[in-house]
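# Results of the structural survey
Now for the letters of each chain:
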Amino acid sequence: MENSEEKETIELKSRSDLNKRLLTAMLDPEQVIFSNSLFVVLEDKYPKSEWHFLVVPWKDIPTIREVTLDDLELLKMMDMFGREIAYENIGNNSFWMGYHVEPTMYRLHLHVLSTDFCGIGMNSIRHWNSFTTPFFVESERVIQDLEKYGRIDLPSTLQCKNFLATPLKCYKCSHMPKNVNALNKHLLVHKNNC
DNA sequence: GTTCTAGAAC
DNA sequence: GTTCTAGAAC
């Protein structure tokens with residue numbers, strides 16, 4: 001008989017190990033770029049773009065799905081500070097800020113990244129689609145939704161799964177690279193033309 | 001989140 | 001033969 005309880009325990013353990021990694025980084029002065037009483041700013045360990053920061057609140061919120069109206073002010077502060085970091089480092093407005101709807105690390109983190117996607121960590125279809133489909137929900141819209149409706153309109157788990165499996169498509173043009181390698185080469189062309 | 005790897009795709 | 005992807009392991 002399959003021991004699903006045991007399997008679940010293992011999953012929870014590995015899940016908490018993953019969560020600890022982000023918490024460990026938050027507590028390591030060498031990895032922290034900025035911190036205040038509300039959140040910490042880190043550099044993503046496996047950057048997907050040339051610039052890739054994470055704004056991580058101290059409040060233990062698992063994912064964007066668990067965010068409520070009570071968190072609106074916190075999210076606004078994270079958004080404001082993320083914007084500052086981006087202007088300071090990235091400039092030219094060529095950056096995105098937002099959340100993965102179903103991340104693998106269950107501690108809320110706001111991605112702040114330049115839009116070149118030429119980072120060393122950009123090496124799978126999942127990575128690409130996690131930023132270029134509605135799997136990625138922009139910080140601005142999260143705040144707007146909370147202000148207007150008191151809740152955030154998010155894609156379902158099934159929709160998320162489908163978004164991650166979307167065939168590769170460049171978000172800057174209509175090119176559809178046949179694989180990740182071709183995508184990375186294609187992105188370099190855009191980067192050099194900018 | 002990444003790394004590893006078996007099997008699919010080329 | 002090599003490259004690529006998806007899923008398990010971590």
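See the structure shown above.
Residues numbered from 1 in each chain as written. Chains lettered and ligands numbered in written order. Predicted model: local features only at pLDDT ≥ 70, side-chain atom pairs only at ≥ 80, totals over all residues. Heavy atoms only, no water.

## Considering the side chain of Arg107
Inclusion rule: Labels follow the DSSP assignment, with helices taken as runs of H or I lasting at least four residues and strands as runs of E lasting at least two, numbered in each case from the N terminus. Any pair of nitrogen or oxygen atoms within 3.5 Å is treated as a polar contact; in protein, a donor-acceptor pairing is required on top of that, and neighbouring residues in sequence qualify only through side-chain atoms on both sides. Residue contacts are counted whenever heavy atoms from the two residues lie within 4.5 Å of one another.
Among the structural elements, Arg107 can be located in the loop between strand E4 (95–100) and strand E5 (110–114). Side-chain polar atoms of Arg107 contact the backbone oxygen of Trp58, separated by 3.4 Å. Apart from residues no more than four positions distant in its own chain, Arg107 is found in contact with Asn19, Leu22, Leu23, Met26, Val56, Pro57, Trp58, Lys59, Asp60, Ile61 and Pro62.

## A few points about the sheet that holds E5
Adjacent strands of a sheet pair through backbone hydrogen bonds, lying either parallel or antiparallel. To be explicit about the condition: In this analysis, strands are considered paired if DSSP registers two or more bridges between them. For every element, the axis is a line fit to its C-alpha atoms; helices are fit only across the contacting stretch, and the angle between N-to-C directions ranges from 0 to 180 degrees.
If you walk across this open sheet you meet the 6 strands as E1-E2-E3-E5-E4-E6, and the pairing is antiparallel. Pairing within the sheet leaves two strands with one partner each, and these edge strands are strand E1 (32–35) and strand E6 (136–138). On average, each strand axis in the sheet is inclined to that of its neighbour by 30°, with strand direction left out of account. Two elements, strand E3 (residues 52–57) and E5, share 4 bridges in a ladder whose sense is antiparallel. The partner of Leu54 across the bridge, within E5, is His111. Across the sheet, helix H2 (residues 72–89) touches E1, strand E2 (39–43), E3, E4 and E5, and the angle it forms with E4 is around 145°.

## What about the nonpolar core?
Across soluble globular proteins, you tend to see nonpolar side chains buried next to one another. Just so we agree on the cut-off: Throughout this description, the term nonpolar core refers to a set of buried Ala, Val, Leu, Ile, Met, Phe, Trp, Tyr and Cys residues connected via side-chain atoms within 4.5 Å. For every residue, the accessible area obtained with a 1.4 Å probe (protein chains only) is divided by the maximum for its type, and the residue is called buried under 20%, exposed over 50%, and partly exposed between those limits.
Counting 31 residues, the largest nonpolar core has Ile64, Val67, Leu75, Met78, Tyr99 and Val142 as the members making the most contacts within it. At the level of elements, E2, E3, H2, E4, E5, helix H4 (139–149) and helix H5 (157–164) are the ones that each hand at least two residues to this core. The element that contributes the greatest number of residues to this core is H2, accounting for 7 residues. Not counting chain neighbours up to four residues away, the residues in contact with Tyr99 comprise Ile64, Leu75, Met78, Leu108, His109, Leu110, Phe135, Phe136, Val137, Ser139 and Val142. Formed by 10 residues, the second largest nonpolar core is a distinct cluster that contains Leu113, Phe131, Phe136 and Leu187.

## Things to note about the pairing of E5
Among the 5 residues that make up E5, 5 are buried, leaving the element largely enclosed by the rest of the structure. Alternating residues of E5 divide into Leu110, Val112 and Ser114 and His111 and Leu113, and every residue in both groups is buried. Taken together, the 4 bridges between E4 and E5 define a ladder with antiparallel strand orientation. If you follow Phe95 over to E5, its bridge partner there is Ser114.

## Quick notes on the packing of H2 against H4
So the rule is basically this: Every angle not falling under 35 degrees, over 145, or within 65 to 115 is termed oblique; those three ranges are roughly parallel, roughly antiparallel and roughly perpendicular. Take the far helix as your reference; a near helix turned counterclockwise from it by less than a right angle gives a left-handed crossing, and one turned clockwise gives a right-handed crossing.
Running from N to C, H2 and H4 point in directions that differ by 155°, and their axes come no closer than 10 Å. Between H2 and H4, the crossing angle belongs to the class labelled roughly antiparallel. Once H2 is placed against H4, the crossing between them reads as left-handed. Contact with H2, carried on its side by Leu72, Leu75, Lys76 and Asp79, involves Ser139, Glu140, Val142, Ile143, Leu146 and Glu147 of H4 and no other residues of that element.

## What to know about the protein's contact with DNA strand C
Where we set the bar: In these notes, residues near a molecule or strand are those with any non-hydrogen atom within 4 Å of it. Each residue is assigned to one of three groups, with Ala, Val, Leu, Ile, Met, Phe, Trp, Tyr, Cys and Pro labelled nonpolar, Asp, Glu, Lys and Arg labelled charged, and all others, Gly among them, labelled polar.
Taken together, Ile125, Asn179, Val180 and Asn181 form the complete shell of residues around DNA strand C. For DNA strand C, the backbone makes up 100% of the atoms found within 4 Å of the protein, where backbone means sugar plus phosphate. With respect to DNA strand C, the side chain of Asn179 contributes an N or O atom lying 3.3 Å from a phosphate oxygen. Contact between DNA strand C and Asn181: a phosphate oxygen at 3.1 Å from a side-chain N or O atom of the residue. Of the residues assigned to the surface near DNA strand C, the class counts are 2 nonpolar, 2 polar and no charged.

## Some details on H2
Just so we agree on the cut-off: In a helix, the anticipated span is given by 1.5 Å times the number of residues less one.
Between its first and last C-alpha atoms H2 spans 26 Å; for 18 residues at 1.5 Å apiece the expected length is 26 Å, and the two agree. Of the positions making up H2, those classed as buried are Leu72, Leu74, Leu75, Met78, Asp79, Phe81, Gly82, Ile85 and Ala86.

## What to know about the side chain of Asp71
Take Asp71: it is sitting in the loop between E3 and H2. Apart from residues no more than four positions distant in its own chain, Asp71 is found in contact with Lys59, Ile61 and Glu66.

## Digging into the pattern of salt bridges
Basically, it comes down to this: Criterion for a salt bridge: a side-chain nitrogen of Lys or Arg within 4 Å of a carboxyl oxygen of Asp or Glu.
Throughout the structure, instances matching the rule amount to 8 salt bridges. Between Lys191 and Glu50 there is a salt bridge, with its nearest N and O atoms 3.0 Å apart. With a gap of 141 residues between them, Lys191 in helix H6 (residues 180–193) and Glu50 in the loop between E2 and E3 connect regions that are remote in the sequence. Between Asp145 and Arg141 there is a salt bridge whose closest N-O contact spans 2.8 Å. In this pair, Asp145 and Arg141 both sit in helix H4, 4 residues apart, roughly one turn of the helix. The exposure class of Arg141 is partly exposed, given its relative accessible area of 31%. The structure contains a network of salt bridges with shared partners spanning Glu73, Lys76 and Glu147.

Limitation: the analysis is restricted to geometry and does not speak to function.
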